[in-house]
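Next come the chains, spelled out residue by residue.
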Amino acid sequence: MCGIVGYIGSKDAKEILLDGLKELEYRGYDSAGISLLCDGKFSYFKAVGKLENLVQKMQKCSSNGSVVGIGHTRWATHGKPTEINAHPHQASRSFVVHNGIIENYQAIKKELQSSGVVFASQTDTEVIVHLFESFVKDGLSDYEAFEKCIDTLEGAYAILLMTKSSPDTIYFAKHGSPMILGINEDNEKFFGSSDAALIGKCSQVIYLEDGDYGCVTSDSITLYNKEHTRAELAFVPLTVTKLSAQKDGFRYFMEKEIYEQSEVISDTLLGRLSDDMIVFDELDEALFDGIDEIKLCACGTSYHSALAASYLFERLSKIRVSVEIASEFRYREPLMSQNTLFIVISQSGETADTLETLKMAKKAALRSLVICNVDNSSMVRLADASILTRAGIEKGVASTKAFATQMMVLWMLSIYVAKIRQSLTSKQISDEINTMREVSRVTLVKEGMHERITRLSKRYLHGHGFFFIGRDIFYPLALEGALKLKEISYLHAEGYPSGEMKHGPIALADPELFTIALMPQHMLYEKTKSNIEELSARDSTICVISSIEFDKADDFIALESHGHYMLEFFEMMIALQLLSMQIAIRLDNDVDMPRNLAKSVTVE
Ligand code: M6R
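Since the model is a prediction, treat every value here as computed from it, not as a measurement.

J.: Got a minute to help me understand helix α1 (residues 13–24) in this structure?
T.: Helical geometry note: an α-helix holds 3.6 residues per turn, so side chains three or four residues apart project in the same direction. Over its 12 residues, α1 runs 17 Å from end to end, which matches the ideal 16 Å to within 8%, given 1.5 Å per residue. Taken across its 12 residues, α1 has 9 buried, putting it largely inside the fold. Among all positions of α1, only A13, K14, I16, L17, L18, G20, L21, E23 and L24 are buried. Buried positions along α1 lie against β1 (3–9), β2 (31–38), α2 (51–57), β4 (67–74) and β10 (189–192).

J.: Would you mind showing me how to read the pattern of salt bridges here?
T.: Working definition: two side chains of opposite charge can pair if their charged atoms are close together. As enumerated under the stated definition, the model contains 31 salt bridges in all. One salt bridge connects D590 with K50, and the closest N-O pair in it is separated by 2.4 Å. Taken as a pair, D590 in the segment after α18 (565–586) and K50 in the loop between β3 (41–48) and α2 lie far apart in primary sequence, 540 residues in all. Look at D590 and you get partly exposed, because its relative accessible area is 27%. For K50, a relative accessible area of 29% corresponds to the partly exposed category. Residues R381 and E209 are paired through a salt bridge, measuring 3.2 Å at the closest nitrogen-oxygen approach. Of this pair, R381 sits in helix α11 (residues 378–382) while E209 sits in the loop between β11 (204–207) and β12 (213–217), and the two are 172 residues apart along the sequence. Note on R381: relative accessible area 28%, which makes it partly exposed. Classification of E209 as partly exposed rests on a relative accessible area of 40%. One continuous salt-bridge network, built from bridges that share partners, spans E438, R441, K446, E560 and E571.

J.: I tried to follow the domain arrangement of the chain on my own but got confused; where do I start?
T.: For an interface, size is often stated in terms of accessible area lost upon the parts coming together. Its domain assignment divides the chain into domain 1 (3–243), domain 2 (246–443) and domain 3 (445–594). One C-alpha centre belongs to domain 2, the other to domain 3, and the line joining them spans 25 Å. Between domain 2 and domain 3, the contact holds 36 residues from the first and 36 residues from the second. Both sides of the domain 2 and domain 3 interface together cover about 3100 Å² of buried area, and 68% of this is carbon and sulfur. The interface formed by domain 2 and domain 3 holds 2 salt bridges in total. In this structure, the salt-bridge partner of R315 is D472, at a minimum N-O distance of 2.6 Å. Counting across the interface, domain 2 meets domain 3 through 15 residue pairs in polar contact (both at pLDDT 80 or more). Within the residue set of the side of domain 2 that touches domain 3, elements represented by two or more residues are α6 (253–259), α7 (261–269), α8 (300–317), α12 (401–421), α13 (426–436) and α14 (439–442). Considering every element that reaches the side of domain 2 that touches domain 3, the biggest residue donor is α8, with 8 residues. For the side of domain 2 that touches domain 3, the per-class residue count stands at 19 nonpolar, 9 polar and 8 charged.

J.: Could you clarify how one ought to interpret the packing of aromatic side chains in this entry?
T.: What characterises a pair of aromatic rings is the spacing of the ring centres plus the angle enclosed by the ring planes. Using the criterion set out here, one finds 21 aromatic pairs in the structure. Taking 5.3 Å as the distance between ring centres and 45 degrees as the angle between the ring planes, the aromatic pair formed by Y44 and F95 counts as tilted. Within this pair, whereas Y44 is found in strand β3, its partner F95 is found in strand β6 (residues 94–102), the two being separated by 51 residues in sequence. Looking at Y44, the relative accessible area reads 41%, which means it is partly exposed. Summarising the aromatic geometry, the rings of F172 and F191 are spaced 5.4 Å apart at their centres and angled 45 degrees between planes, so their arrangement reads as tilted. Taken together, the positions of F172 in strand β8 (residues 170–175) and F191 in strand β10 put the pair 19 residues apart, joining distant regions of the chain. On the basis of relative accessible area, F172 is assigned to the buried category, the value being 0%. Aromatic ring contacts, followed pair by pair, group F403, W411, F474, F569 and F570 into a single cluster. One cation-aromatic arrangement involves R595 over Y490; the distance from NZ or CZ to the ring centre is 3.9 Å.

J.: Please explain the site of the ligand as it appears in this structure.
T.: The full set close to the ligand counts 15 residues, and S302, S346, Q347, T351 and E487 are the nearest of them. Within the side chain of S348, one N or O atom sits 2.7 Å away from an oxygen atom of the ligand. With respect to the ligand, the side chain of E487 contributes an N or O atom lying 2.5 Å from an oxygen atom. Going through the elements one at a time, α8 and α16 (474–489) are the ones with two or more residues in the shell around the ligand. For the shell around the ligand, the residue count by class is 5 nonpolar, 8 polar and 2 charged. For the shell around the ligand, the two domains that each supply at least three residues are domain 2 (246–443) and domain 3 (445–594).

J.: Would you mind showing me how to read the sheet that holds strand β7 (residues 155–163) here?
T.: Backbone-to-backbone hydrogen bonds pair the strands of a sheet. The strands run either parallel or antiparallel. Spatial strand order, β5-β6-β7-β8-β12-β13: 6 strands in an open sheet with antiparallel pairing. Each edge of the open sheet carries a strand with a single partner, namely β5 (89–90) and β13 (220–224). The pairing of β7 with β8 spans 4 bridges and is classified as antiparallel. Across the sheet, residue I159 finds its bridge partner in β8, namely A173. Across the sheet, helix α4 (residues 126–137) touches β5, β6 and β7, and the angle it forms with β6 is around 130 degrees.

J.: What am I meant to see in the pairing of strand β23 (residues 541–546) here?
T.: Where a strand is regular, its side chains alternate between the two sheet faces. The buried count for β23 comes to 6 of 6 residues, which makes it a mostly enclosed element. Where strand β22 (residues 513–518) meets β23, 5 bridges bridge the pair, whose relative direction is parallel. Within β23, the position partnered with L518 by the bridge is I545. Handedness of the crossover joining β22 and β23 through helix α17 (residues 525–537) is recorded here as right-handed. Bridge count between β23 and strand β24 (residues 555–558): 4 bridges; the pairing is parallel. The residue bridging I545 from the neighbouring strand is I557, located in β24.

Criteria and thresholds
Residues numbered from 1 in each chain as written. Predicted model: local features only at pLDDT ≥ 70, side-chain atom pairs only at ≥ 80, totals over all residues. Heavy atoms only, no water. Helix = DSSP H or I, 4+ residues; strand = E, 2+ residues; numbered from the N terminus. Expected span 1.5 Å × (residues − 1). Buried < 20%, exposed > 50% of the residue type's maximum accessible area, 1.4 Å probe, protein only. Contact = heavy atoms within 4.5 Å. Salt bridge = Lys/Arg side-chain N within 4 Å of Asp/Glu carboxyl O. Domains from an automatic or database assignment. Buried area = accessible area lost by both parts, 1.4 Å probe. Polar contact = N/O pair within 3.5 Å; in protein donor to acceptor, adjacent residues only side chain to side chain. Nonpolar A, V, L, I, M, F, W, Y, C, P; charged D, E, K, R; others polar. Phe/Tyr/Trp six-rings, centres within 6.5 Å; stacked < 30°, edge-to-face > 60°. Lys NZ or Arg CZ within 6 Å of the ring centre and 35° of its normal. Near = heavy atom within 4 Å. Pairing = 2+ DSSP bridges. Axes fitted to C-alpha atoms, helices over the stretch in contact; angles between N-to-C directions. Right-handed = clockwise from strand over helix to strand, strands pointing away.

Here's what the structure looks like:
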């Protein structure tokens, strides 16, 4: 959600900042902007829409020499996506970029307005730069004014600020939104709200902690922590490579990521399967001592993998499970008991609502575990333990390989817990493990299936809505299929338990209601079949995904015949992802950066 970059050095700052923003664009793409301070002179550029518009506007700008610059790509929270509301925001001598939400901005704005400050934008961000300058006007040094400014702000933020009177300096602060500071051998300094912006540019980074703030010049870094004491510069190597963030000849990142699933699933399993046990080197079995309940908490797609995992944990590990939507959980004064293991699931590790629930769990002294794709993310740093999903960088806003690898880790974890709780025999455990070894093959995209779905997709571009239906663990998969479709096709879609249709939604059935029915051979096949027959009798248009042909279906997507319902789960997942993508392509939508969305939701 929004991307931030910053640079101090003597190379081509414009190119460096634009390149960083390009890497972050998938996080927010309503508008973008850059400001540069070169030889004491400010210049700034803003453009609405995709980053390409900013690139065009900056064509004539040259930024060689010693330059300080900050940039931003926006996902609008306060105020429409207009040029005025785009970052950087300015006062008379300073510019600021910000990610997050300033909760007390209205009170600050009112006070500043009463002392004559005129605001140009509708954003919360603009108060930061005016507040800073008002403190300078009161006689504080730039540094003191910045410190007082961030002490006044409430809410979540990652901030970069530059000002004319400290021409070689970037002031920074982090509280609740991610921010990384990087350096390289050429004495250049970089900021990025995610390491994607820093890959290839710097070798050492500091993942700033909440409450960290300070300033950077070309030859110094001053870092303070939340106690206002000078903090050590704890650099760590930046290990991620750029390779995984390219499209590699695919039309869209989403398509590439669907095709990558087989490979990343192998990575997820690497070193974690033995003949009769799951090996998680990163876990200490003591984490489970005295635990008699698991609470899973997440948002969006990650919530769907949590819900799917609840079926696995109860069926295989025989442990009580509850599943929570993070944005609901955090405000409903939940009861938390200390024999509950609190598990959060997140691709990014930065989702504000999920992160907050993890903080609540820690506060209540619960043991915590995060299943996450991004090492060093806020959640990984906060939780007692973490399991990385190893999906690699996921750029498509619609999550695909993150979901696949989360499901793999959760399935493995259910077997790991089953072993501890002795709820499965050794034979049953090895059977599950042998099945896991097949998932990589099952998730290879078959050209025949892709072609069939491409052809079918033209019949599903209208209608008054989609119902994705399934039973048991295929119900969360149906939810995920519906989420994929709505986020990139903008068509209305709902996921529903098959057996629940007759309790209301069946009233909608007619030929213009599209039902995408998940009919696994090895999970309640006959029950699901009856539910689909009920819909067919009411003339709903039905597309069945199954390995068994079904004569009541209008359309059919054939699966291989598998021996285990989880293999059907993973192959159906591929079919659902392809179906959404092909519908979105036919509708001429932006598959990777769908409207109104952002990859990582760091505001609540
Ligand atoms: O990074 P997270 O897994 O915490 O993100 C949670 C959701 O925002 C995310 O899964 C979202 O629903 C995806 N765009 C769905 O494709």
